[in-house]
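Each chain, letter by letter, is given below.
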Amino acid sequence: MKQIIILLIAFSFLACGTQNEQIPERKQNFNDNWKFILGDDPSADETGFNDEQWRSLDLPHDWSIEGSFDATNPAGNDGAYLPTGIGWYRKTFTAPKNWKGKIVACYFEGVYMNAEVFLNGEKLGIQPYGYTSFDFDITSCLNFEGENVLAVKVDNSKQKNCRWYSGSGIYRHVWMIVTEPIHIAHWGVAITTPEISETEATVEVKTTLKNETSSSHEITVSTKITGEDETVAATGEIVVQLLPNSEKEIIQNISVNNPDLWTPETPHLYNAQITLVKNNKIIDKTDNTFGIRSIDFSAENGFLLNGQKVLINGGCVHHDNGCLGAAAYDRAEERKVELLKEAGFNAVRASHNSPSEAFLEACDRLGLLVIDEAFDGWREKKTTLTALEHDYASLFDTWWEHDLSAMVLRDRNHPSVIMWSIGNEIIERTKPEAVETARMLANKVRELDPTRPVTSAMTTWGEGWEIFDPLMAEHDVCGYNYQLHMAESDHERVPSRIIFQSESYPKDAFFGWDQVEKNSYVIGDFVWTAIDYLGESGIGRWYYEGDVQGEHWERDLYPWHGSYCGDIDLTGWRKPISHYRSILYNDTAMLYMAVREPELEGSKIHTTMWGVWPTWESWTWPGHEGKAVEVEIYSKYEKVRLYLNDELMGEKNTGRKEEFKALFTLPYQPGELKVVGVKEQQEMESTILNTAQVASQIRLTADRNTIKASGQDLSFITVEVTDANGIVQPNADNRLYFEIEGPGEIIGVANGDIKDTDSYVSYNRKAFHGRAMVVVKSGKQEGTILLKVNADGLRSESLALQVTNE
């Protein structure tokens, strides 16, 4: 039974005097002390099964990234040539006595894929789609007189099932959710802000209550809203009658005075603490983070955030964390958002699946707009180019509603999420039934969340474009993959259509920005991609004369095992195209210089559709003395002047007409290359590249020198090979060897070379253009971690990290 009660609430209400009572921890982390084996055993779900010889580990875990690259692995180029298969996880635990009489659910944030979950030999259920968060009620299966065994079979053996690297295993967090029989439903809180002014905002809090008893009960529901400084901003209270074995949704409208609004520049957050009280005793309590903000989309005004027009500078990202594979450590997810922000993006498209909770929490906290996407396809398999015999099409009819609902219900309180995407480049897009499917999906989304628009990413492979008008009409906002050149004619034909480029070629950065800047009906551009990723091997590559020719979908390009179309590489280094894009959309950076890799005699460089010319922050080109080298400059100044060893090489305009770029060709000569921005004939800031000498030493830079003793916290350490003056030697490819002491471990090593098939789980790595990266994970004890790095011919270097409980 489900009832709805609406209550308008002013600024404050009386709070129950018993609400400082402690209640048992509602959400308990369940990541530690699992057993794992790669392989299948039909008896592994049994309680008495002997798993002593299995590997011990903590979650999150991705077994694919631990394997060896092999061109014959079934996932092939799509899966980064890494192994997949079947794996089992088991965890033995004792149920605490205070769980008796409670409702206990096991919540999995993500298992890839085909998860089968068992408790004490009883099958709880399955979750086929690996990107959906899910939970099972385990109350009736718990044993309070002895040990319990939770077993999970993960089957990623049916290949191919994904067009990019998926990873394999329990790759996101696992939790136990413990509540009283009367409690707030899982994902049962929905918070919106329907009315906002400078002086007041209405916060609408919908709470779904569950009574899993055979009796009626009177419950007091109290809501307390606090700001970032934990000052109480507003409160509300209502008394509710719950019928036996029922659900009831209540709606509270609470006024917050002088609200701090959420934007990417000022990502202010609030917390709504909802407490259930019965007979003066707290029986449930949840904390729900949200932001106060308004969104509006129209062809006339574009995208308005809190009434202000925002040009969306977006990037698409996949879910992997490079050398960590799919393992979704909170810090890795947060760092990904930091990298996007530092690169000048204000938006991200989660391609082509819902991201981790930690990723969205970081987007809320740091300020990044999000398009949350459900799946890559609908009923027809993507077999034309990638032979996906086991993709989402095999699950769609049975699981679409479950998976789509899970995404919306889980993510609807995130202020960063501004659109829901229901698909990407759907194969059946030219057929009439695709319109019906889109309507079905969109209506479901609007039923669960009417406050955000529905979109999907559409493209054409020669079928024409106007043919998609009926399909696009089912969407609130239309995503164009690589078709923004059609926007102006489309606007003449369908003037109400709101458009954004959901995927674009990196080389088309100026065209995308220009369309967004001058056309209100084009609200943004999302480059494919913002960050390099594993799988879809070879997209964005360049190649030399004599190498295998062609695009990534045309042939096997091993040892390429990932993409190189990202603005940011696998180590977090920003490529020159990243700086150019940021200069287009932002005024925080005004000047940048890099050098196009010169072609060797008889070895022409070729780029591909998603690629750009290999360009480096280098003025170190031995063997090219006296030969022509091209220097690329990106500038928001009127003009730039280029100097080589203090001699003026020339001056060029860098205005909009020149696409804020200048290209100089000059004979290479070692020394100092300097570009200066010129405004009204006055030289302003400058950027310098110096020729590096022989590599002689190593420089280590940690993104964080202090990490928590949680067994989960990470430090990403950049390794640079430099000369005696500290200048990075951009041609260095030394093999670096890592040693570690103290309460931590190395869990990943990387460089930016997508052709390097050395394992990402290792204690050595070659430098690529003078750079590499090592990732250190904290232990659970306080102390000092000492990382030592050495290489033949280089002076070794050490770095200390502090591990603390603070």
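Reading guide: rules and limits
- Residues numbered from 1 in each chain as written.
- Predicted model: local features only at pLDDT ≥ 70, side-chain atom pairs only at ≥ 80, totals over all residues.
- Heavy atoms only, no water.
- Helix = DSSP H or I, 4+ residues; strand = E, 2+ residues; numbered from the N terminus.
- Buried < 20%, exposed > 50% of the residue type's maximum accessible area, 1.4 Å probe, protein only.
- Contact = heavy atoms within 4.5 Å.
- Areas by Shrake-Rupley, 256 points an atom, 1.4 Å probe, with all protein chains shown as cover.
- Lys, Arg positive; Asp, Glu negative; His and termini not counted.
- Charge placed at Lys NZ, Arg CZ, Asp CG, Glu CD.
- 1 Å grid on protein atoms, 1.4 Å probe; cavity = no way out; pocket = protein on both sides within 12 Å on 5 of 7 lines; lining within 4 Å.
- Points joined across faces, edges and corners; volume = space filled by probe spheres on them.
- Nonpolar A, V, L, I, M, F, W, Y, C, P; charged D, E, K, R; others polar.
- Pairing = 2+ DSSP bridges.
- Axes fitted to C-alpha atoms, helices over the stretch in contact; angles between N-to-C directions.
- Core = buried A, V, L, I, M, F, W, Y, C linked by side-chain atoms within 4.5 Å.
- Phe/Tyr/Trp six-rings, centres within 6.5 Å; stacked < 30°, edge-to-face > 60°.
- Salt bridge = Lys/Arg side-chain N within 4 Å of Asp/Glu carboxyl O.
- Parallel < 35°, antiparallel > 145°, perpendicular 65-115°, else oblique.
- Left-handed = near helix turned anticlockwise from the far one by under 90°.
- Patch = residues over 30% accessible without salt bridge, like charges linked within 9 Å, V, L, I, M, F, W, Y side chains within 5 Å.
- Right-handed = clockwise from strand over helix to strand, strands pointing away.

Visitor: Can you walk me through the overall build of the protein chain in this structure?
Guide: Counting secondary structure elements, the protein chain contains eight helices and 48 strands. C-alpha extents for the protein chain along the principal axes are approximately 90 × 65 × 55 Å. Looking at the protein chain as a whole, 61% of its 806 residues are labelled buried. Sequence-distant contacts in the protein chain: of pairs separated by 6 or more residues, those separated by 24 or more amount to 72%. Carbon and sulfur atoms provide 47% of the accessible area of the protein chain, an area that totals close to 30900 Å². When the 75 positive and 121 negative side-chain charges of the protein chain are each reduced to one mean point, those points stand 1 Å apart.

Visitor: Explain the side chain of Gln 712 to me, please; I cannot follow it from the model alone.
Guide: Within the secondary structure, Gln 712 is located in the loop between strand S41 (706-708) and strand S42 (714-722). Residue Gln 712 is classed as buried on the basis of its relative accessible area, which comes to 17%.

Visitor: Help me understand the layout of surface pockets, please; the structure alone is not making it clear to me.
Guide: Of the voids in this model, the largest pocket is the one considered here, and its volume is about 1500 Å³. If you trace the largest pocket, you find 43 residues lining it, with Lys 27, Asp 287, Thr 289, Glu 357 and Glu 361 closest to the centre. Taken together, the elements giving at least two residues each to the lining of the largest pocket come down to strand S2 (27-29), strand S11 (174-179), strand S12 (182-196), strand S17 (270-278), strand S18 (281-290), helix H1 (330-342), helix H2 (357-366) and helix H3 (396-411). Its residues assigned to classes, the lining of the largest pocket shows 13 nonpolar, 13 polar and 17 charged. Computed from the structure, the second largest pocket encloses a volume of approximately 850 Å³. What lines the second largest pocket is a set of 35 residues, among which His 186, Trp 187, Gly 188, Thr 208 and Arg 412 lie closest to the centre. Broken down by secondary-structure element, the contributors of at least two residues to the lining of the second largest pocket are strand S1 (2-9), strand S6 (103-108), strand S9 (134-137), S11, S12, strand S13 (200-211), strand S16 (246-257) and helix H4 (432-448). The element that contributes the greatest number of residues to the lining of the second largest pocket is S12, accounting for ten residues.

Visitor: Looking at this structure, how should I read the sheet that holds strand S14 (residues 217-226)?
Guide: As a general point, the strands of a sheet are linked pairwise by backbone hydrogen bonds and lie either parallel or antiparallel. Pairing is antiparallel across the open sheet formed by four strands, whose spatial order is S15-S14-S17-S18. Strand pairing shows two members of the sheet lacking a second neighbour, strand S15 (232-242) and S18, which therefore form its edges. Across the sheet, the mean angle separating the axes of adjacent strands is 15 degrees when strand polarity is ignored. As judged from the seven bridges shared by S14 and S17, these two strands associate in the antiparallel manner. When the sheet's bridge partners are listed, Thr 226 is paired in S17 with Asn 271.

Visitor: Where do I start with the nonpolar core in this structure?
Guide: One finds Leu 340 and Trp 378 to be the most contacted residues of the largest nonpolar core, which totals 74 residues. Here this core takes seven residues from H4, the largest share from any one element. Beyond its immediate stretch of four places on either side in the chain, Trp 378 contacts Tyr 392, Ala 393, Phe 396, Ile 422, Gly 423, Ile 426, Glu 428, Ala 434, Thr 437, Ala 438, Leu 441 and Leu 471. Residues Ile 65, Trp 560, Leu 591 and Leu 714 belong to the second largest nonpolar core, which totals 47 residues.

Visitor: What am I meant to see in the packing of aromatic side chains here?
Guide: For any pair of aromatic rings, the description rests on two quantities: the centre-to-centre distance and the angle between the ring planes. Applying the stated criterion across every chain, the model contains 41 aromatic pairs. An angle of 20 degrees between the planes, with centres 6.4 Å apart, marks the rings of Phe 396 and Trp 400 as stacked. With Phe 396 and Trp 400 both in helix H3 and four residues apart, this pair spans about one turn of that helix. We note that Phe 396, like Trp 400, is buried. Taken together, a centroid distance of 5.5 Å and an interplanar angle of 80 degrees make the contact between Trp 465 and Phe 468 edge-to-face.

Visitor: Help me out: how do you make sense of the pattern of salt bridges in this one?
Guide: Side-chain pairing between opposite charges can occur once the charged atoms of the two side chains come close. Tallied over the full model, the rule gives 57 salt bridges. Measuring nitrogen to oxygen at the nearest pair gives 3.1 Å for the salt bridge that ties Arg 493 to Asp 490. Here Asp 490 and Arg 493 lie together in helix H6 (residues 487-493), a separation of three residues that amounts to about one turn. Residue class for Arg 493 comes out partly exposed when judged on its relative accessible area of 29%. Since its relative accessible area comes to 0%, Asp 490 is described here as buried. Glu 630 serves as the salt-bridge partner of Arg 596, at 2.9 Å between the closest nitrogen and oxygen. Of the two residues, Arg 596 is situated in strand S31 (residues 591-596) and Glu 630 in strand S34 (residues 628-635); the sequence distance between them amounts to 34 residues. The buried category is assigned to Arg 596, whose relative accessible area is 18%.

Visitor: I keep staring at the environment of Tyr 392 and nothing clicks. Help me out?
Guide: Relative to the helices and strands, Tyr 392 is located in the loop between strand S24 (369-373) and H3. Given the relative accessible area of 7%, Tyr 392 is considered buried. Considered as a pair, Tyr 392 and Asn 156 are 236 residues apart in the sequence and their alpha carbons are 13 Å apart. If sequence neighbours within four positions are ignored, Tyr 392 has contacts with Tyr 129, Phe 375, Gly 377, Trp 378, Trp 399, Trp 400 and Asp 403.

Visitor: Is there a simple way to think about the packing of helix H7 (residues 509-518) against helix H8 (residues 576-585) in this case?
Guide: How two helices sit against one another is set out by the angle between their axes and by the gap between those axes. It is at 10 Å that the axes of H7 and H8 come closest, and there the two elements cross at 15 degrees. Viewed along their axes, H7 and H8 adopt a mutual orientation that is roughly parallel. H7 and H8 meet at a crossing whose hand is right-handed. Counting all contacts with H7, which are made through Ala 509, Phe 510, Gly 512, Trp 513 and Val 516, the residues of H8 involved are Tyr 580, Arg 581, Leu 584 and Tyr 585. Taken together, the residues of the contact of H7 with H8 break down into seven nonpolar, one polar and one charged.

Visitor: Just checking my understanding: could you explain a negative patch on the surface for this structure?
Guide: On the surface, Glu 228, Asp 229, Glu 230 and Asp 260 cluster together to form a negatively charged patch. Position of Asp 229 among the secondary structure elements: in the loop between S14 and S15.

Visitor: It is not clear to me how the pairing of strand S28 (residues 499-504) should be interpreted in this structure. Could you clarify?
Guide: On a regular strand, one side chain projects to one face of the sheet and the next to the other, so that they alternate. Burial within S28 is extensive, with six of its six residues counted as buried. In terms of strand pairing, strand S27 (residues 478-481) meets S28 through four bridges, oriented parallel. The residue bridging Tyr 480 from the neighbouring strand is Gln 501, located in S28. Where the polypeptide runs from S27 across H6 and back to S28, its parallel neighbour, the crossover connection is right-handed. Alignment of S28 against strand S29 (residues 522-527), held across three bridges, turns out to be parallel. Paired with Ser 504 across the bridge in S29 is Val 527. A crossover connection joins S28 to the parallel S29 through H7; in handedness this β-α-β unit is right-handed.

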